[in-house]
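# Overview (structure and organization)
The residues making up each chain are set out below.
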Amino acid sequence: MNWLSQNLHIVGALLVDHLVLSIVPIALAILVSVPLGWLAARYRRARTPLLTGTGLLYAIPSLPLFIIVAPLIGVPVRSPVTIVVALTLYGVALLVRGAADAFGSVPRETMLAADAMGHAAWARFWRVELPLAGPVLLSSLRVVVVSTVSLVTVGAVVGASSLGTLFTDGFQRGIEASILTGLVLTVVVAFALDAIVVLAGRLAMPWRRAVAT
Amino acid sequence: MIEFASVRKEYPGGSVAVEDFSLTIPSHAVAVLVGSSGCGKTTLLRMVNRMVDPSSGTVSIDGVDVRSMDPVKLRRSIGYVLQAGGLLPHRTIADNVATVPVLEGRSRRQARKDALGLLERVGLDTALADRYPAQLSGGQQQRVGVARALAADPNILLMDEPFGAVDPIVRDQLQTEMRSLQAELGKTIVFVTHDIDEAFALGDEVLVLRKGAEIAQRGTPAEILANPADEFVASFVGAGSARRTLRIREVGGRSVVVDGDDRPTGVLAR
């Protein structure tokens, strides 16, 4: 506790770094995966290459990925951009399949009804397909959120600062309180972001509760 | 007026849904396409709003080939009712009814207000406006489906087995109400069903279809009942069955109508 009170400002700064390094790749992964998942669900030929291709990304171990990504995009390994790009790739690996399943779960008759009423393709996507894909999409998003928050800590090994820095630093200098603080806060961040996603889902999908009761 | 001129629909792979179909449906009339599943009746219906384009032949509305129209605009100008209403499960009843006016750019507020009037018109309590489709009974959902189809005040209504998913009592009720609604509104309606009784209950003109959407017989319900064109039509309408062969028996000075099994079905009006 003593260690924590003395290092509060450092821990605070690392917490903010950690949040940024989690939220940005999660948001980017959603932006990339939703259209890819939609394509995989609607075009049978696109399905296998998309799902296999993105799924394989997850097989790349994270440490080498950080090291490969950096020269590819021309930034230093320890740059936050490296972490963001690498974690976005992992997010996409998990989320494309979930998004494909989500769009696949939208009932055909409902899409037919939407067409029959005169939704143009764009209107159908925003007003019908995306909301109805919401519940399934949300459950894969929750996995991505928790996994990303946890993977951010690996970045500390290559020098990108996050709550993971508290492990690497604490380990090298033998400060148990530092390791413990990093661990607990990482779990708290994961829980908190997960809770926000669940709550946002409830607000965005009021029909789910109305029907359940 | 809706006109089908020698339309044919062949799917890639060679299966033919519609062989060669021609028909003119006059304005304000109810034409019922009746036939077993897979006879091509739904395909014909979907040609009217371009959900399906014919492989050859043309469909025109008031003399204009539908292929020259933008499909999205065309669909918004035509009411479409599907089985179980085809309601959007994530939208409230009022929002479902307001769908087309909102797509057309009407303010959501005004469209929802109009929706309440439409709900009353189809016999629904406006207290249901903020519920979701899954919270309504099958019959109620069906009424919402009709209200939604009427929302943009279309001249044409396409109805694809709209009452197929509700129980017989509710179906009778919905059919009766649809007749009185139609007497008031005078839309041009194309109605698809596999239920011959429903066809006779609603159609000004009934078309009995065989596979490939070949017209086995076309006429008023009375004409078809009186003179079925062939064996196929006779068996489809149940001509000769006990329920269709009625006789009159005098009972206590009144003429009672009995069916082929001698079961009374009604009394002749004096």
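What counts, and where the lines are drawn
- Residues numbered from 1 in each chain as written.
- Chains lettered and ligands numbered in written order.
- Predicted model: local features only at pLDDT ≥ 70, side-chain atom pairs only at ≥ 80, totals over all residues.
- Helix = DSSP H or I, 4+ residues; strand = E, 2+ residues; numbered from the N terminus.
- Rg over C-alpha atoms; globule rule 2.2 N^0.38 Å.
- Buried ≥ 20, exposed ≤ 12 C-beta atoms within 10 Å, placed from the backbone.
- Contact = placed C-beta atoms within 7 Å.
- pLDDT = per-residue confidence, 0-100.
- Pairing = 2+ DSSP bridges.
- Domains from an automatic or database assignment.
- Nonpolar A, V, L, I, M, F, W, Y, C, P; charged D, E, K, R; others polar.
- Axes fitted to C-alpha atoms, helices over the stretch in contact; angles between N-to-C directions.
- Left-handed = near helix turned anticlockwise from the far one by under 90°.
- Core = buried A, V, L, I, M, F, W, Y, C linked by C-beta atoms within 7 Å.
- Expected span 1.5 Å × (residues − 1).
- Parallel < 35°, antiparallel > 145°, perpendicular 65-115°, else oblique.

### Digging into the overall build of chain B
In terms of regular secondary structure, chain B is built from ten helices and 13 strands. Against the globule reference of 18 Å for 270 residues, chain B gives a C-alpha radius of gyration of 20 Å, in line with a compact fold. Considering only C-alpha atoms, chain B reaches an extent of 65 × 50 × 30 Å along its principal axes. For chain B, the residues scored as buried account for 40% of the 270 residues in total. In chain B, once contacts between residues fewer than 6 apart in sequence are set aside, the share between residues at least 24 apart is 59%.

### Notes on the confidence of the model for chain B
For chain B, per-residue confidence averages 91 on the pLDDT scale, and 100% of positions sit at 70 or higher. Across the whole predicted complex the pTM is 0.86, and at the interface the ipTM reaches 0.86.

### Some words on the sheet that holds strand β4 (residues 56–61) of chain B
All names here are of chain B. Spatially, four strands are ordered β2-β1-β4-β5 in an open sheet, and the strand pairing comes out antiparallel. Looking at which strands have only one partner, the edges of the open sheet turn out to be β2 (16–25) and β5 (64–65). Judged from the five bridges that link them, strand β1 (residues 2–10) and β4 form a sheet pairing that is antiparallel. Looking across to β4, one finds that isoleucine 2 is bridged to isoleucine 61.

### A short note on the domain arrangement of chain B
Under the domain assignment used here, chain B contains domain 1 (2–239) and domain 2 (240–270). Taken over C-alpha atoms, the centre of domain 1 of chain B sits 34 Å from the centre of domain 2 of chain B.

### Thoughts on the interface of chain A and chain B
When the parts come together, some accessible area is lost, and that loss is often what is quoted as the size of the interface. Facing the 16 residues of chain A at the interface are 17 residues of chain B. Going through the elements one at a time, α6 (108–117), α7 (121–152) and α10 (206–212) of chain A are the ones with two or more residues in the side of chain A that touches chain B. Per-element tally for the side of chain A that touches chain B: the top contributor is α6(A), with six residues. Residue classes in the side of chain A that touches chain B are distributed as eleven nonpolar, three polar and two charged.

### As for the sheet that holds strand β12 (residues 254–258) of chain B
All names here are of chain B. Taken in spatial order, the three strands make up an open sheet running β11-β12-β13, and their pairing is antiparallel. Across the chains shown, the open sheet's two edge strands, defined by having one partner strand only, are β11 (247–251) and β13 (264–267). Neighbour-to-neighbour, the strand axes of the sheet open up by a mean angle of 35°, direction not taken into account.

### So, the pairing of β12(B)
All names here are of chain B. In this structure, β11 lies alongside β12, joined through five bridges in antiparallel fashion. Of the residues in β12, the one forming a bridge with glutamate 250 is serine 255. Here β11 folds back onto β12, and the loop between the two strands holds two residues, one of which, glycine 252, carries a positive phi near 55°. Where β12 and β13 come together, three bridges link them in antiparallel fashion. Residue pairing for β13: valine 256 is matched across the bridge by valine 267. The loop that links β12 with its antiparallel partner β13 comprises five residues; one of these, aspartate 262, has a positive phi angle of about 70°.

### Considering the packing of helix α3 (residues 44–57) of chain A against helix α5 (residues 80–104) of chain A
All names here are of chain A. Put simply, α3 and α5 touch, their axes get as near as 7 Å, and they point 145° apart. Where α3 crosses over α5, the handedness of that crossing is left-handed. From α3, Arg47, Leu50, Leu51, Thr54, Gly55 and Leu57 reach across to α5, where they touch Leu89, Tyr90, Val92, Ala93, Val96, Arg97 and Ala100. In terms of residue class, the contact of α3 with α5 is made up of nine nonpolar, two polar and two charged.

### Things to note about unusual backbone geometry
Residue and element names in this part refer to chain B. With phi around 65°, arginine 50 is a residue other than glycine that occupies positive phi space. Here arginine 50 lies in the loop between α1 (41–48) and β4. By the C-beta count within 10 Å, which is 19 here, arginine 50 ends up partly exposed. The phi dihedral of aspartate 62 falls on the positive side, at around 50°, and the residue is not glycine.

### A few points about the nonpolar core
Counting residues in hydrophobic clusters, the biggest one holds 122 residues, and the most contacted among them are Ala99(A), Val32(B), Val97(B) and Val190(B). Counting residues per element, this core draws most heavily on α5(A), which supplies 16 residues.

### What about the environment of His18(A)?
Residues and elements named next belong to chain A. Inspection of the secondary structure puts histidine 18 in helix α2 (residues 8–42). Histidine 18 sits in the buried class, given 25 other C-beta atoms within 10 Å. For histidine 18 and glycine 74, which are 56 residues apart along the polypeptide, the C-alpha to C-alpha distance reads 22 Å. Other than its neighbours up to four places away in sequence, histidine 18 contacts Val152, Ser162, Leu163 and Val189.

### Digging into the pairing of strand β10 (residues 214–219) of chain B
Consecutive side chains of a regular strand alternate in pointing toward one face of the sheet and then the other. Bridging between strand β9 (residues 205–210) of chain B and β10(B) involves five bridges; their strand directions are antiparallel. Of the residues in β10(B), the one forming a bridge with Arg210(B) is Glu214(B).

### Side note on helix α5 (residues 108–121) of chain B
The terminal C-alpha atoms of α5(B) lie 20 Å apart, and with 14 residues this matches the ideal 20 Å at 1.5 Å per residue to within 8%. Close packing links the buried residues of α5(B) with α3 (93–97), α4 (99–103) and α6 (138–150) of chain B.

### Topic: the packing of α7(A) against helix α9 (residues 176–204) of chain A
The packing of two helices is summarised by the inter-axis angle and the distance between the axes. All names here are of chain A. One way to put it is that α7 packs onto α9 with a least axis distance of 9 Å and a crossing angle of 165°. Here α7 lies roughly antiparallel to α9, going by the angle between them. The handedness of the crossing between α7 and α9 comes out as right-handed. Across from Gly134, Leu138, Leu141, Arg142, Val145, Val146, Val149 and Ser150 in α7, the residues of α9 making contact are Thr186, Val189, Ala190, Leu193, Asp194, Val197, Gly201 and Ala204. Its residues assigned to classes, the contact of α7 with α9 shows ten nonpolar, four polar and two charged.

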